[in-house]
Amino acid sequence: MQPNNSQVNKRIATISGHLNPPNNFQMEGSSGLGRANCRAKGGSAGFKVAILGAAGGIGQPLTMLMKMNPLVSVLHLYDVVNTPGVTADISHMDTGAVVRGFLGQQQLEEALTGMDLVIIPAGVPRKPGMTRDDLFNINAGIVKTLCEGISKCCPKAIVNLISNPVNSTVPIAAEVFKKAGTFDPKRLLGVTMLDVVRANTFVAEVLGLDPREVDVPVVGGHAGVTILPLLSQVTPPCSFTQKEIDYLTDRIQNGGTEVVEAKAGTGSATLSMAYAAVKFADACLRGLRGDASVVECAFVASHVTELPFFASKVKLGRFGVEEVYPLGPLNEFERIGLEKAKKELAASIQKGVSFVRK
C-alpha cells in the first residue's frame, strides 16, 4: 500500500526538521509538524544533551561519540560557525539520537531549552607557547555568554565545562549563575577527566597493565602543577620508585603540552579530550538515570580544602554531584604537591570570580 501525500509530506518534514535551522520550520501540508516536536521513528527514550561549540576541534569528535551514546535521545549542536554541515554529517549515523543544529547567538536559547545536560567545549584552542592563562580573556567571555543562556533556558541542567582554563572558567560560570539566582553547586562540573585518562594510560604503561584496569585519582585542578595524581592511591594497589613518581607526575601534569608540541602548531588535545569528555558525560547520564556508585573526578564547588573549588572524586546521581569525597591519606610527596597546587589554584579561581564581578 502506497503512502498518501499527507503521509509523505509528514515523513519529509520529520527528516527536514532535524537538519534545517530552527525557524519554526514547517512543510506545506505537513499537518503542522514543526521542529519543536519532530521525533525520529523508533528513537529510544533518553536524555536531551546540548553541545556548545559543536563544530570545533573537540566539539566534532565529541558530537560523534555522543551520537553513539544510547542514553542520549536528543542531541543539540550549537556553534557560531559551521553547525549546519556538522549536523547534516552526524545526523546520517544510524543511532537513536535525534540531532538538531543551531547556528549563531540568535539561536542559542532554542538550542538550550529543555536540556538535561549541557557540555561546553567552546573556545579557542591552546597554541604552541601559549599557556592556559593566555586563553583566559577570550574564553572567559565566551563561557560567560553561554552560561547566561543556560541560566535563562535550562537552569536545572547538569553543566559539564571543558573550556580552558577550567580553573578559572568554572568560577566564572558559578558567578554568572549566582547573579541570575540559579547557582546549584551540584550541577556545575569542570571536566578534568582527561587528566585521569592520561594518568591511567601512563601508569598502565609503567606497570605493564591494560589501562582499563587502572584507576588513578587526580585531584586539584586542570593546569600544570594544579594537576596532582595520587599515585599512592592507584588501583590496583602498587608501588613506584621515586624516579617513576617524578616521571609520571611530570608527564601527567604536562600531557597537554606534549600534544601541543607534537602537533607543531596545528592544534591541541582534541581527540583524547573528546574521548575523556564523553566518558565523563556518560557517567553524568548514568547518575541522572539513577545508577548506583557512579564515581569520577571533577572540578567542583568543594569543602575538601579551604578553596571554594577543587577537583577530587565525586559521586554522581540524579541531581548531579551527590557527594564530594575527601582526599584520603597522602604521602609526603603528595602533601608538598598539594600545597603547590592550592597556591596556583587560588589565584586562578580569584581571576575567574573577578572577571564577572568587575
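Structure: see above.
Calculation rules
- Residues numbered from 1 in each chain as written.
- Predicted model: local features only at pLDDT ≥ 70, side-chain atom pairs only at ≥ 80, totals over all residues.
- Heavy atoms only, no water.
- Helix = DSSP H or I, 4+ residues; strand = E, 2+ residues; numbered from the N terminus.
- Buried < 20%, exposed > 50% of the residue type's maximum accessible area, 1.4 Å probe, protein only.
- Contact = heavy atoms within 4.5 Å.
- Areas by Shrake-Rupley, 256 points an atom, 1.4 Å probe, with all protein chains shown as cover.
- Axes fitted to C-alpha atoms, helices over the stretch in contact; angles between N-to-C directions.
- Left-handed = near helix turned anticlockwise from the far one by under 90°.
- Nonpolar A, V, L, I, M, F, W, Y, C, P; charged D, E, K, R; others polar.
- Core = buried A, V, L, I, M, F, W, Y, C linked by side-chain atoms within 4.5 Å.
- Domains from an automatic or database assignment.
- Phe/Tyr/Trp six-rings, centres within 6.5 Å; stacked < 30°, edge-to-face > 60°.
- Lys NZ or Arg CZ within 6 Å of the ring centre and 35° of its normal.

(A) Representation of the overall build of the protein. Secondary structure summary: the protein contains 11 helices and 11 strands in total. With 358 residues in all, the protein has 52% of them scored as buried. A separation threshold of at least 6 residues defines the contact pool for the protein, and within that pool the share at least 24 residues apart is 67%. Here the protein displays about 16100 Å² of accessible surface, and carbon together with sulfur accounts for 54% of that area.

(B) Examining the packing of helix α2 (residues 59–67) against helix α3 (residues 83–91) more closely. At a closest axis distance of 10 Å, the pairing of α2 and α3 adopts a crossing angle of 30°. At the point where α2 passes α3, the crossing takes the right-handed sense. Between α2 and α3, the contacting residues are Gln60, Thr63, Met64 and Lys67 on the first element and Val86, Ile90 and Ser91 on the second. When its residues are assigned to classes, the contact of α2 with α3 shows 3 nonpolar, 3 polar and 1 charged.

(C) Representation of the nonpolar core within the structure. Formed by 59 residues in total, the largest nonpolar core has its most connected members in Leu62, Met66, Ile119, Leu285 and Leu316. Counting residues per element, this core draws most heavily on helix α10 (residues 271–289), which supplies 11 residues. Two domains each donate at least three residues to this core, and these are domain 1 (44–191) and domain 2 (192–357). Those residues within four positions of Leu62 in sequence are excluded, and the remaining contacts are Ile51, Ile119, Pro121, Ile162, Ala274, Ala277 and Val278. Listed in part, the 46 residues of the second largest apolar core include Ala140, Val143, Phe177 and Phe310.

(D) Summary view of the packing of aromatic side chains. Per the counting criterion, the structure on display carries 2 aromatic pairs. For the ring pair Phe136 and Phe355, a centre distance of 5.6 Å and an interplane angle of 85° mean the geometry is edge-to-face. Residue Phe136 is located in helix α5 (residues 136–153), and its partner Phe355 is located in helix α11 (residues 332–357); the two are separated by 219 residues in the primary sequence. Owing to a relative accessible area of 4%, Phe136 belongs among the buried residues under this scheme. Given a relative accessible area of 15%, Phe355 falls into the buried group. Here the guanidinium or amino end of Arg251 rests over the ring plane of Phe202, the centre of that ring lying 3.8 Å away. Against the face of Phe136 rests Lys351, its NZ or CZ located 4.8 Å from the ring centre.

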